[in-house]
Amino acid sequence: MPNAYPAIWKRGFVLILIGLSSSCASYYHTQYNFNQEFENGNLEKALASLQSNSSESKGKREFLYNVNNGLVLSLLGRYEESNEYFEKAFIYGEDYRINYLNEAASYLTNPNFTDYRGEDHEHLILLYYKAINYLKLGKSEEALVECRRLNIRLQQLSDRYSSENRYKEDAFIHTLMGIIYQSDKDFNNAFIAYRNALEIYKNEYNHLFNVEAPHQLKLDLLKTAWLSGMHEEFQEYKEEFQMQDYVYTPTDGGELVFFWHNGLSPIKAEWGVNFVVSRQNNIAYFSNEELGISFPFSLDNYDEKDKNSLANIDIFRVAFPRYVERSIYFKNATIFYEGKKFSLELMEDINRIAFKILQERMTLEFSKALIRVAMKKVTEYEVRKSDKTLGSLIGLINAITEKADTRNWQTLPHSIYYCRVPLQEGTNSVRLSLQNDKASSTDYEFTYTAKKGVTLFHTFSSLESSYPNYNFY
């Protein structure tokens, strides 16, 4: 490498530095106007803010652009338009092509240069929204298509992971499939879906997320077992649930399945960790005593120059993603109808699932980030030996571009609850009461027109939650 560089190269690096410094904000802050309008319940303004930046519809955040549009449009009751965006996101998730140029750039700068492909649970939840949109439009056949897609997604998720302590099956999605099949009078498939959901709640959700099988799920399992003619299983589950007094009684009118989307999901933030580098033979060790972690890095495939350069690195900072929870405001919800109370039960804790997914892949995140930063440091060290000024510029650029990937679907609910309410034929008035931890409540009134044997679906979103801790950004 020559001792002096043309001035244009140095000016070029300064321009790169200026450009990169403007792109280092977290994903939450790059979408700040949209997020503020959405969190305040100004959905029309949120949609306008989102769609004003249409360049993202074909960029590295295409998946997030589509799912955010889909969710906001669904909340606005524009279900057909909503599903158009969700379908785009689904197709994007089916496309496993990798842009290798962007992948390489991510190692030279940061992972934000790659396309955001979505977390496992995000691909499942978008199909949930699609299915619910279709059910609200009275298109049960289309909703069943989404059920089949969900089943395929769940199988892919299960096949991908073998560890017993990983998020690899989704009890909520199986419950949803059962609800949809039951509404279509396909009681046999509904029973199978409910049975699968029950097993996942018992064997995985209980210890991974502290979420137990809802009582309503047990009632629906007993009902569909009876209606499917599975009387032996019906008796077995009655004993297991200690519900020997349960007797199936057909309803005279219709039914309401009410989903409550409570709060907002966590936000990805950046977490900076300092590592000390030590070398023994052909192994470099990256260690952090405070966290009690040490990662070995083989130098077998590197030439002596790179090995010596790496050995000269003493300490450096690496950026990793971390989640910041947005605490929920409402803690419980109850529906009052005809003098009866129906408690909405927790069926999916998206907040805890998000934390679990990131925790499961932190080893991979650590190794990728360490390789990225180590290689940038090697380059900086070599250039600095020839040209201290340019080496300093590269070091400054490396410091600024050392960013974690803070992208995620941030308009999802914190958690999802549900209940089933039997309705009379004709007009029905229902009251929803939301309770916070200060023993005060907020009530909403709804009116439904029910038909005999028909299931109605309703979703209600409480966007109230704490703002993210900006100290993480």
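Residues numbered from 1 in each chain as written. Predicted model: local features only at pLDDT ≥ 70, side-chain atom pairs only at ≥ 80, totals over all residues. Heavy atoms only, no water.

### Some points on the overall build of the protein
Here is step 1: Of regular secondary structure, the protein possesses 17 helices and 12 strands.
Here is step 2: With 473 residues in all, the protein has 52% of them scored as buried.
Here is step 3: In the protein, of all internal contacts separated by at least 6 residues, the share reaching a separation of at least 24 is 76%. (Helix = DSSP H or I, 4+ residues; strand = E, 2+ residues; numbered from the N terminus. Buried < 20%, exposed > 50% of the residue type's maximum accessible area, 1.4 Å probe, protein only. Contact = heavy atoms within 4.5 Å.)

### With respect to the nonpolar core
Here is step 1: In this structure, Phe38, Leu126, Tyr128, Tyr201, Tyr205, Phe259 and Trp409 are the most contacted members of the largest nonpolar core, which totals 82 residues.
Here is step 2: Those residues in contact with Trp409, other than ones at most four positions away along the chain, are Leu64, Val67, Asn68, Leu71, Phe86, Tyr116, Glu122, Ile125, Leu126, Tyr129 and Ser265.
Here is step 3: Phe342, Leu344, Val421 and Phe460 belong to the second-largest nonpolar core, a separate cluster that totals 20 residues. (Core = buried A, V, L, I, M, F, W, Y, C linked by side-chain atoms within 4.5 Å.)

### Observations regarding the sheet that holds strand β7 (residues 340-343)
Here is step 1: Spatially, 4 strands are ordered β7-β6-β10-β11 in an open sheet, and the strand pairing comes out antiparallel. Both outer strands of the open sheet, β7 and β11 (441-450), are each paired with one neighbouring strand and no more. Pairs of neighbouring strands in the sheet enclose a mean axial angle of 25°, with direction left out of account.
Here is step 2: Here 4 bridges tie strand β6 (residues 330-337) to β7, and the two strands are oriented antiparallel to one another. Counted as the bridge partner of Thr334 is Ser343 from β7. (Pairing = 2+ DSSP bridges. Axes fitted to C-alpha atoms, helices over the stretch in contact; angles between N-to-C directions.)

### Digging into the pattern of salt bridges
Here is step 1: If you walk through the whole model with that rule in mind, you get 19 salt bridges.
Here is step 2: Measuring nitrogen to oxygen at the nearest pair gives 3.9 Å for the salt bridge that ties Glu360 to Arg166. Residue Glu360 is located in helix α15 (residues 350-360), and its partner Arg166 is located in the loop between α9 (140-160) and α10 (171-183); the two are separated by 194 residues in the primary sequence.
Here is step 3: For Glu360, a relative accessible area of 17% translates into the label buried.
Here is step 4: Between Lys202 and Glu240 there is a salt bridge, with the nearest N and O atoms lying 2.9 Å from each other. Remark: Glu240 occurs in helix α13 (residues 231-240) and Lys202 occurs in helix α11 (residues 187-208); sequence separation between them is 38 residues. (Salt bridge = Lys/Arg side-chain N within 4 Å of Asp/Glu carboxyl O.)

### Topic: the sheet that holds strand β1 (residues 254-262)
Here is step 1: Across the sheet, which stays open at both edges, the 4 strands sit in the order β8-β9-β1-β12 with mixed pairing between neighbours. Whereas interior strands pair on both sides, the edge strands pair on one side only; in this sheet they are β8 (345-348) and β12 (455-462). Recorded for the sheet is a direction-independent mean angle of 30° between the axes of neighbouring strands.
Here is step 2: When β1 meets strand β9 (residues 415-423), the two strands line up antiparallel, connected through 9 bridges. Within the sheet, the bridge partner assigned to His261 lies in β9 and is Ile416.

### Some remarks on the pairing of β9
Here is step 1: For β9, a buried count of 8 out of 9 residues is recorded, marking the element as mostly surrounded by other parts of the structure.
Here is step 2: Bridge count between β8 and β9: 3 bridges; the pairing is antiparallel. Bridge assignment links Glu348 to a residue of β9, and that residue is Ile416.

### Quick word on unusual backbone geometry
Here is step 1: Look at Gln242: it is not a glycine, yet its phi comes out positive at around 55°.
Here is step 2: Secondary-structure assignment places Gln242 in the loop between α13 and β1.
Here is step 3: Even without glycine at this site, Glu338 takes up a positive phi of about 55°.
Here is step 4: Looking at the element boundaries, Glu338 is found in the loop between β6 and β7.
Here is step 5: Relative accessible area serves as the criterion here: at 55%, Glu338 is assigned to the exposed category.

### Let's talk about the side chain of Glu255
Here is step 1: Mapped onto the elements, Glu255 comes out in strand β1.
Here is step 2: What makes Glu255 buried here is its relative accessible area of 12%.
Here is step 3: Within the local environment of Glu255, its side chain forms a polar contact with the side chain of Arg420, the two groups lying 3.0 Å apart.
Here is step 4: Filtering out sequence-adjacent residues up to four positions away, Glu255 remains in contact with Gln182, Lys223, Arg420, Val421, Pro422, Leu423, Val454, Thr455 and Leu456. (Polar contact = N/O pair within 3.5 Å; in protein donor to acceptor, adjacent residues only side chain to side chain.)

### Observations regarding the environment of Lys60
Here is step 1: Turning to its location among the elements, Lys60 is positioned in the loop between α4 (43-51) and α5 (62-75).
Here is step 2: Classification of Lys60 as partly exposed rests on a relative accessible area of 30%.
Here is step 3: When the C-alpha atoms of Lys60 and Tyr116 are compared, they prove to be 6.0 Å apart, with 56 residues separating the residues in sequence.

### Observations regarding the packing of helix α8 (residues 120-136) against α15
Here is step 1: Axis separation between α8 and α15 bottoms out at 9 Å; the angle between their running directions is 145°. Of α15, the residues touching α8 (which contributes Asp120, His121 and Ile125) are Ile350, Ile353, Ala354 and Ile357.

### Thoughts on the environment of Gln435
Here is step 1: One can find Gln435 in strand β10 (residues 426-436).
Here is step 2: Taking the C-alpha atoms as reference, Gln435 lies 5.2 Å from Asn332; in sequence the two are 103 residues apart.
Here is step 3: Dropping the residues within four chain positions of it, Gln435 is found in contact with Phe330, Lys331, Asn332, Ala333, Thr334, Ser440 and Ser441.

### Comments concerning empty space enclosed by the protein
Here is step 1: Taken as a whole and assessed by the stated rule, the structure comprises 1 cavity of 30 Å³ or more.
Here is step 2: Empty space within the largest cavity amounts to approximately 40 Å³.
Here is step 3: Forming the walls of the largest cavity are Phe38, Leu71, Leu75, Tyr129, His261, Gly263, Leu264, Thr411, Leu412, Pro413, Ser461 and Leu463.
Here is step 4: Here the residues of the lining of the largest cavity are counted per class, giving 8 nonpolar, 4 polar and no charged. (1 Å grid on protein atoms, 1.4 Å probe; cavity = no way out; pocket = protein on both sides within 12 Å on 5 of 7 lines; lining within 4 Å. Points joined across faces, edges and corners; volume = space filled by probe spheres on them. Nonpolar A, V, L, I, M, F, W, Y, C, P; charged D, E, K, R; others polar.)

Honestly, it's all geometry; don't read function into it.
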